[in-house]
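Fold and contact review
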Amino acid sequence: MGTAWFAVCGVFFVFLQIATAEESPCMPGFESELLIFKVNKKHLRPGTRLGKVGFTDCTNRKRFLFSTDDNRFVLQTDGLLTVKREVVLHEGHRDFFIHSWDSQGQKLTVPAMVLYHGHRHGNNDLNTEHHHNSHTSNSHNHDQTQMDSVTTEDAADPQIPILDFPKSSRGLKRRKRNWVIPPLSVSENHRGPFPHFIAQIRSDEDKVTKIQYSITGPGADQPPAGLFTMDKDTGNLYVTQELDREKRDKYLLKAHAVALGSTGPAEEPMDVIVNVIDQNDNRPVFNRSSYVAEVPEASPRGVEVIQVGATDADDPTTANGIIRYHIISQQPVEPSEFMFTINPVTGMIRVSGAGLDREKFPQYKLRVQAADMEGEGLTGFTEVIIKVTDSNDNAPLFTEPSYAATVEENKVNAEVVRMSVTDGDEPHSQAWNAKFKIIDGDPGKLFTVKTSETNRQEGIITTAKGLDFEKTSKHTLLVIVENEVPFAISLPTSTITVVVTVKDVNEPPIFEPEMNTVFKKEDLAVGSTVVRYTASDPDTARKQKVMYKMISDPAGWFNVDENTGEIKVRSEMDRESSLVKDDKYTALIGAYDDDQLPATGTGTLVVVLEDVNDNPPTIEDRDIAVCNKNPDSLLLTVTDKDGPGFTSPYSVSLLDSAKANWTARMNNTKTGIILTMNRELESGTYSVGMKVFDNRGLDQTNTVTVTVCDCSGTDVKCLGKIAGGSKLPVIMGILGGILLLLMLVLLLLLLAKRKKPEKEPLLLQDDIRDDIFYYDEEGGGEDDQDYDLGVLHRGLDNRPEVFRNDVAPVFMPAPVYKPRPANPDDIGNFIDDNLKAADNDPTAPPYDSLLVFDYEGGGSEAGSLSSLNSSSDGDQDYDCLNDWGPRFKKLADMYGGDDTL
């Protein structure tokens, strides 16, 4: 009976399960909403198995890709959770998340906790069993799954993951955007053998057709090509060689599935991410092979000395790249072997022990280690040299007990005194360099003290302001000296007294005020007083007389009284002068004393000139042109040099001579004159006179020259002759034509003279005759020579003081002489004809009267001609002339020959 009842209950339970399964469809996900893994110790070593994670994607798959956000743990494809790196449960538990993906690529996450067995979490006792429903349950309660840790030996070898192409519906339905393929992980420096199988790509279409697989992307068919390959038949993905995470930590590939014999893809390309898992294959490397630092002696604990730093090429998010620092050794080890400490995380070295003494141990050498794996892995080393510098344990001391100096008054930046100190600290260090300060005796800040640039143990006092002998003739300063850094220990400071005596000098008188501004009308009468501008002598003890003079008066408008400083008008002032700027005229007045070397002070007198109505209005447009037909009115601009109040509104009145042809009125603003032609005028130039008045009635007659042109409207064009206009252009044109004609005639004469014909030779080539020279004789020369007719006029013409009483006959006709020929070739005929006329001219000299000949004077070197002997019988022999050559042949013929001739 009991057996039958048990069988009935079993059958009922099976049907109940079937009914429940039909009512509750499969939902992908983890078996619980919270996974708790209990352990019995806080220190978990690498390889410790914590338990298995239950997960389903509602398919027949038993292995999946898992990941966790805590790199201390790793999950195998069968869900086995193991410790990857050493874990210490300081708080009794560690929380993290576990991720996986369903068949559609949806990422699913569940919280997980590793809990120390003796630790209570919340108010629940974890030793109490918690029941949980199946992963197919529709319960909304937060389930918990408790798992005891397992040993390392119980773990099974992980299987290779299988990546399925995402399922997509037929038609135009798009794949879900949040579909993500879990990444693959490959450890760097894998030893092989290669090619190494890392995953399989599979398409559901391979159940109905033959599928060929391929992979593309960087590392496959792109540089660095060949790292990954895929079997086209099975979809197996291989890595062909060792990977180096430091070169590239991730590869993004695309997997392709193509049906054999088809031209299109069987599946959409699938992204495959291969993460390169870091291995601890790089040692930490310090930034420098050695470091040098300084620390003052007697520094207290905690003083920072220097920070060292190292880098590790491994993944900084893992222990492979996490560096810790440690001091390995210290030399010397006195006074303590722990004089310095280092922060293991930051690498900052600080003073740890007391007793740093430069005089005993001036330098320390530290050997510092940097190790990865949080101080337990690979190591690197560097050397740190720490120099102990001198501290300020000696106060500077003045070399003199006191100083005295004398400075002339009124000098700024004048050197007063130089003070020297000594210091027992290390030379040229901050503890040795001196710093000076005036602590008493200078309430007015008249002095400054600074350290010399060339000698850091010398202080220089200078004047910051001019000293005044009349106020204070002596200053007593108290100066203190310190170092650039505070004393390391309590030390007394050194002080000194400096007595400064002020030397009196002759100072120039001082005007009060230095700039005196007065207001005067510009028409102030000559001789009137402008102002009494005086100065006082600061040298009160000298009792000197102050006198005045004019230093600068550009317009020459003022005089200054030498004794009183009274300034009067010398010449009329003009506000409209170019020397007046903004109604202000500036003059410089000098005040000097009667010292042996007078000192002169300067005061500035600014006279603000008030305007008066002394300038009549003036028309600016004096020359204008207008058409005589349909002319437009002319606008004339009126200006006035006076200021506001004495200018516009203006008024105008035409002179009687202009009223017949013109009218004038003011424009609307009363600042311009509108001139209008009354009737049509002949073209020409007209003078229009008018009186222009300002608003105070001051007037001036202005004459405007209007050129009336023969045109119409506003387009003024003066093309024809203007009646009554200027004839200067015409006259200039005529004169220019005449001048051009004269130049042309002169040019023709010059060309004619240059073209003079050549004379034919008068002598044959074989006729030998000497040249005829001029011997101051009257008459012409040979025919072949150019005749100088001026020779014919020599004689008494050159002796105006000699007179002759020639008496010309009267009532006798005179012959007609031929004029001088223009052609020089006719000069011979001219002479012959006029000679014959002269021979027969009864009116030509000599007359029958007293003749006067030129007198050569007495004392001739030649003897008297009467001394020459003449042959009374005529027997002179002239035959010798025949022997003298052809030149004397003519004389030989005349005097020689037969006596009977």
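Coordinates for the structure precede this section.
What counts and what doesn't
- Residues numbered from 1 in each chain as written.
- Predicted model: local features only at pLDDT ≥ 70, side-chain atom pairs only at ≥ 80, totals over all residues.
- Heavy atoms only, no water.
- Helix = DSSP H or I, 4+ residues; strand = E, 2+ residues; numbered from the N terminus.
- Contact = heavy atoms within 4.5 Å.
- Areas by Shrake-Rupley, 256 points an atom, 1.4 Å probe, with all protein chains shown as cover.
- Pairing = 2+ DSSP bridges.
- Polar contact = N/O pair within 3.5 Å; in protein donor to acceptor, adjacent residues only side chain to side chain.
- Patch = residues over 30% accessible without salt bridge, like charges linked within 9 Å, V, L, I, M, F, W, Y side chains within 5 Å.
- Salt bridge = Lys/Arg side-chain N within 4 Å of Asp/Glu carboxyl O.
- Axes fitted to C-alpha atoms, helices over the stretch in contact; angles between N-to-C directions.
- Phe/Tyr/Trp six-rings, centres within 6.5 Å; stacked < 30°, edge-to-face > 60°.
- Buried < 20%, exposed > 50% of the residue type's maximum accessible area, 1.4 Å probe, protein only.
- Lys NZ or Arg CZ within 6 Å of the ring centre and 35° of its normal.
- Core = buried A, V, L, I, M, F, W, Y, C linked by side-chain atoms within 4.5 Å.

What about the overall build of the chain?
- Within the chain, the regular secondary structure consists of 5 helices and 54 strands.
- For the chain, the proportion of contacts with a sequence separation of at least 24, taken over those separated by at least 6, is 65%.
- Entry remark: accessible area of the chain is about 56000 Å², with carbon and sulfur atoms responsible for 52%.

Let's talk about the sheet that holds strand β35 (residues 458–463)
- With antiparallel pairing, the 4 strands of this open sheet are ordered in space as β30-β32-β35-β34. The open sheet is flanked by β30 (397–398) and β34 (447–451), the only strands paired with a single partner.
- Sheet analysis places β30 next to strand β32 (residues 415–422), joined by 2 bridges and oriented antiparallel. Bridge pairing in β32 links L397 to T422.

Focus: the side chain of R575
- Checked against the element boundaries, R575 lands in the loop between β44 (566–569) and β45 (584–593).
- In this structure the side chain of R575 is engaged in a polar contact, spanning 3.3 Å, whose partner is the backbone oxygen of K641.

Here's the deal with a nonpolar patch on the surface
- On the surface, L741, L744, V745, L746, L747, L748, L749, L750 and L751 cluster together into a nonpolar patch covering about 860 Å² of accessible area.
- Tracing the chain through its elements places L751 in helix α3 (residues 728–754).

Comments concerning the sheet that holds strand β7 (residues 73–75)
- With antiparallel pairing, 3 strands are arranged side by side in an open sheet as β4-β8-β7. Unpaired on one side and paired on the other, β4 (49–52) and β7 mark the two borders of the sheet. Ignoring strand direction, the axes of neighbouring strands in this sheet form an average angle of 20 degrees.
- Pairing analysis gives 3 bridges linking β4 to strand β8 (residues 80–83), with the strands arranged antiparallel. Across the sheet, the residue bridging to K52 is L80, located in β8.

Section: the packing of aromatic side chains
- Enumeration according to the criterion identifies 15 aromatic pairs in this entry.
- Between the aromatic rings of F55 and F66, the centroid separation amounts to 6.0 Å while the plane-to-plane angle is 80 degrees, which identifies the pairing as edge-to-face. Taken as a pair, F55 in strand β5 (residues 55–56) and F66 in strand β6 (residues 66–68) lie far apart in primary sequence, 11 residues in all. Neither F55 nor F66 differs from the other in exposure class; each is buried.
- Through pairs of rings, three or more aromatic residues link up here, namely F30, F55, F64 and F66.
- For R367, the ring lying beneath its charged end belongs to F381, and the centroid distance is 4.4 Å.

What to know about the nonpolar core
- Core analysis: the largest hydrophobic core is formed by 25 residues, its most contacted members being F228, L237, L243, V272 and V274.
- The set of elements that each furnish at least two residues to this core consists of β14 (184–187), β15 (196–202), β16 (211–216), β17 (228–230), β18 (236–239), β19 (250–259) and β20 (270–277).
- The leading source of residues in this core is β19, at 5 residues.
- Residues A293, I323, L366 and A370 belong to the second largest nonpolar core, which totals 24 residues.

Notes on the pattern of salt bridges
- Tallied over the entire structure, the rule returns 24 salt bridges.
- Here D78 makes a salt bridge to K52, at a shortest N to O gap of 3.8 Å. Highlighted residues: D78 in the loop between β7 and β8 and K52 in strand β4, separated in sequence by 26 residues.
- Residue R575 pairs with D583 through a salt bridge whose shortest N-O separation is 2.7 Å.
- Three or more residues are tied together by salt bridges with common partners; here these are D70, R72 and R94.

Points about the environment of V88
- Mapping V88 onto the fold places it in strand β9 (residues 87–88).
- A sequence separation of 43 residues divides V88 from R45, and the C-alpha atoms of the two residues are 8.8 Å apart.

Notes on the environment of K365
- Its place among the elements puts K365 in strand β28 (residues 363–371).
- Among the residues examined, K365 registers a relative accessible area of 38% and is labelled partly exposed.
- Along the backbone, K365 and I386 are 21 residues apart, and their C-alpha atoms lie at a distance of 6.3 Å.
- What K365 contacts, discounting residues up to four positions off in sequence, is S329, Q330, Q331, E383, V384 and I385.

A word on the pairing of β44
- Here strand β40 (residues 529–532) runs beside β44; their pairing, made up of 3 bridges, is antiparallel. Across the sheet, residue R532 finds its bridge partner in β44, namely E566.
- Bridging between strand β43 (residues 558–560) and β44 involves 3 bridges; their strand directions are antiparallel. Of the residues in β44, the one forming a bridge with V560 is I567.
- Between β43 and β44, which pair antiparallel one after the other, the connecting turn spans 5 residues, and G565 there sits at a positive phi close to 80 degrees.

Remarks on unusual backbone geometry
- Here the bond from E334 into P335 is cis, since omega is -10 degrees, no more than 30 degrees from zero.
- You can see P335 is positioned in the loop between β25 (324–331) and β26 (340–342).
- In this chain, S648 is followed by P649 through a cis amide linkage whose omega measures 5 degrees.
- On the secondary structure map, P649 appears in the loop between β49 (634–639) and β50 (651–654).
- Unlike most non-glycine residues, N189 shows phi in positive territory, near 60 degrees.
- Position of N189 relative to the elements: it lies in the loop between β14 and β15.
- Look at M373: it is not a glycine, yet its phi comes out positive at around 55 degrees.
- By the element assignment, M373 lies in helix α2 (residues 372–375).

Examining the environment of P819
- Residue position: P819 is located in the loop between α3 and α4 (827–839).
- Separated by 11 residues in sequence, P819 and F830 place their C-alpha atoms 7.8 Å apart.

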